[in-house]
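Now for the letters of each chain:
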Amino acid sequence: MKKQSKYGRNPKLNPKTHCVMVRFDDEEWNKFLTMYEESQLYAKAVFLKAHFFGQKFNVLKVDKTLMDYTTKLSDFHAQFRAIGTNYNQVVKELRIHFSEKKAMALLYKLEKHTGLTKKPPSSFSSI
């Protein structure tokens, strides 16, 4: 038995000392890589051990189109919220700085222009 030194790394309780080598042909390798990438484990050896000994591992499939759609939808919602905030700020400033009659006239113009933005452009009708 080796003499224990007070320097260096502590020895592992259960060291992995046995090594196994596996060879794949091209078709098997591609199938293995596909399964490994779907498992999202950090190492091929961990994936092989989990698969060989029947341990459970999760396979997560990510739909990139759904992620793109979700990103664009959240961006659109943020823009919509920003427009609402700007609209509220304009109305507040109109009421503070103008008389009630002048503010109502300007609000009417604002509503008229807002109504124009509600109509979709003519290019959408051809879609």
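So, how was this worked out
- Residues numbered from 1 in each chain as written.
- Predicted model: local features only at pLDDT ≥ 70, side-chain atom pairs only at ≥ 80, totals over all residues.
- Heavy atoms only, no water.
- Helix = DSSP H or I, 4+ residues; strand = E, 2+ residues; numbered from the N terminus.
- Buried < 20%, exposed > 50% of the residue type's maximum accessible area, 1.4 Å probe, protein only.
- Contact = heavy atoms within 4.5 Å.
- Areas by Shrake-Rupley, 256 points an atom, 1.4 Å probe, with all protein chains shown as cover.
- Patch = residues over 30% accessible without salt bridge, like charges linked within 9 Å, V, L, I, M, F, W, Y side chains within 5 Å.
- Salt bridge = Lys/Arg side-chain N within 4 Å of Asp/Glu carboxyl O.
- Lys, Arg positive; Asp, Glu negative; His and termini not counted.
- Charge placed at Lys NZ, Arg CZ, Asp CG, Glu CD.
- 1 Å grid on protein atoms, 1.4 Å probe; cavity = no way out; pocket = protein on both sides within 12 Å on 5 of 7 lines; lining within 4 Å.
- Points joined across faces, edges and corners; volume = space filled by probe spheres on them.
- Nonpolar A, V, L, I, M, F, W, Y, C, P; charged D, E, K, R; others polar.
- Polar contact = N/O pair within 3.5 Å; in protein donor to acceptor, adjacent residues only side chain to side chain.
- Phe/Tyr/Trp six-rings, centres within 6.5 Å; stacked < 30°, edge-to-face > 60°.

Asks: What exactly am I supposed to notice about the overall build of the chain here?
Replies: Looking only at helices and strands, one finds four helices and zero strands in the chain. Each helix (α) and strand (β) of the chain, taken in turn from the N terminus, gives the series α-α-α-α. Taken across its 127 residues, the chain has 7% of its residues classed as buried. Counting contacts in the chain only where the partners sit at least 6 residues apart, residues at least 24 apart contribute 8% of the total. Accessible surface, the chain: about 12900 Å² in total, of which carbon and sulfur atoms supply 59%.

Asks: Can you help me understand a positive patch on the surface in this one?
Replies: Residues Arg9, Lys12, Lys16 and Lys49 make up a contiguous surface patch of positive charge. Looking at where Lys16 falls in the secondary structure, it is placed in the segment before helix H1 (26–39).

Asks: Explain the layout of surface pockets here, please?
Replies: The volume enclosed by the largest pocket comes to roughly 570 Å³. In terms of lining, the largest pocket is formed by 15 residues, of which the most central are His18, Val20, Ala45, Leu48 and Lys49. Taken together, the residues of the lining of the largest pocket break down into nine nonpolar, three polar and three charged.

Asks: When you look at the side chain of Ser39 in this model, what are you seeing that I'm missing?
Replies: Within the fold, Ser39 resides in helix H1. When its relative accessible area of 6% is taken as the criterion, Ser39 is described as buried. At 2.6 Å, the side chain of Ser39 and the backbone oxygen of Tyr36 are in polar contact.

Asks: I keep staring at the packing of aromatic side chains and nothing clicks. Help me out?
Replies: Two measures describe an aromatic ring pair: the distance that separates the ring centres and the angle between the ring planes. Applying the stated criterion across every chain, the model contains seven aromatic pairs. When the centroid spacing of 5.6 Å and the interplanar angle of 55 degrees are considered together, the rings of Phe32 and Phe47 count as tilted. Of this pair, Phe32 sits in helix H1 while Phe47 sits in helix H2 (residues 44–52), and the two are 15 residues apart along the sequence. On the basis of relative accessible area, Phe47 is assigned to the buried category, the value being 1%. Taken together, the ring pairs in this structure connect Phe24, Trp29, Phe32, Tyr36 and Phe47 into an aromatic cluster.

Asks: Please explain a negative patch on the surface as it appears in this structure.
Replies: Together, Asp25, Asp26, Glu27 and Glu28 make up a region of like negative charge exposed at the surface. Looking at Glu27, the relative accessible area reads 66%, which means it is exposed.

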